[in-house]
Amino acid sequence: MNEMGYVTEFNWVLKLKKEQGFPDSLDVGALYDFRKPEKRVYPVGIPVFLADSSWNVCASVVIKEFAVKGNETSGVFHRI
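Not measured: the values here are computed from a predicted model.

Q: Mind showing me how you'd approach the overall build of the chain here?
A: A tally of helices and strands in the chain yields zero helices and seven strands. Each helix and strand of the chain, ordered N terminal to C terminal, gives the series β-β-β-β-β-β-β. Overall size of the chain, expressed as C-alpha extent along the three principal axes, is 50 × 25 × 20 Å. In the chain, buried positions account for 32% of the 80 residues. Across the chain, every contact between residues at least 6 apart in sequence was considered, and the portion connecting residues at least 24 apart equals 59%. Just so you have it, the chain exposes about 5400 Å², and 53% of that area is on carbon and sulfur atoms.

Q: Would you mind showing me how to read the packing of aromatic side chains here?
A: A ring pair, where both rings are aromatic, is described by two values, the distance of the centres and the angle of the planes. If you walk through the whole model with that rule in mind, you get four aromatic pairs. Relative to F77, the ring of F34 has its centre 6.2 Å away and its plane inclined at 45°; by these criteria the two rings are tilted. Taken together, the residues F34 in strand 3 (residues 31-37) and F77 in strand 7 (residues 72-79) connect sequence positions 43 residues apart. Ring-pair connections join several aromatic residues into one group, and the members of that group are Y32, F34, Y42, F66 and F77.

Q: Would you mind showing me how to read the pattern of salt bridges here?
A: A side chain with one charge may pair with a side chain of the opposite charge, provided their charged atoms come close. Counting across every chain of the model gives four salt bridges. Two residues, E9 and R40, come together in a salt bridge whose shortest N-O distance is 2.8 Å. Placement of E9 in strand 1 (residues 9-10) and of R40 in strand 4 (residues 40-41) is noted, with a sequence separation of 31 residues between them. Exposure remark for E9: the relative accessible area of 31% places this residue in the partly exposed category. On the basis of relative accessibility, which here comes to 8%, the residue R40 falls in the buried class. Several salt bridges converge on common partners, so that one network encompasses E9, E38 and R40.

Q: Teacher, can you tell me more about the pairing of strand 3 here?
A: Both faces of the sheet carry side chains from a regular strand, because those side chains alternate between them. Along strand 3, the buried face is formed by Y32, F34 and K36; none of L31, D33, R35 and P37, which line the opposite face, is buried. In terms of strand pairing, strand 3 meets strand 7 through seven bridges, oriented antiparallel. Looking at strand 7, one finds that R35 is bridged to S74.

Cut-off values and rules
- Residues numbered from 1 in each chain as written.
- Predicted model: local features only at pLDDT ≥ 70, side-chain atom pairs only at ≥ 80, totals over all residues.
- Heavy atoms only, no water.
- Helix = DSSP H or I, 4+ residues; strand = E, 2+ residues; numbered from the N terminus.
- Buried < 20%, exposed > 50% of the residue type's maximum accessible area, 1.4 Å probe, protein only.
- Contact = heavy atoms within 4.5 Å.
- Areas by Shrake-Rupley, 256 points an atom, 1.4 Å probe, with all protein chains shown as cover.
- Phe/Tyr/Trp six-rings, centres within 6.5 Å; stacked < 30°, edge-to-face > 60°.
- Salt bridge = Lys/Arg side-chain N within 4 Å of Asp/Glu carboxyl O.
- Pairing = 2+ DSSP bridges.

Interpretation in functional terms is not warranted from these geometric data alone.
Right, here's the structure in full:
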């Protein structure tokens, strides 16, 4: 059986580990980079929750941009 397709994950929460870009402190308006494995799609320009690796919601953030290259997604967000 020959299967075709493109696996993509749609995320409405930005869940990060320290090594993926979870910031030590969150300053309003400051820009932060993130990097996640796999192909992901995030809403751009609207508030989403930022969660730590234990799913604790820490802040509302806005993802300004993201890009998928290979099997990795990277982007930039800021706290609101």
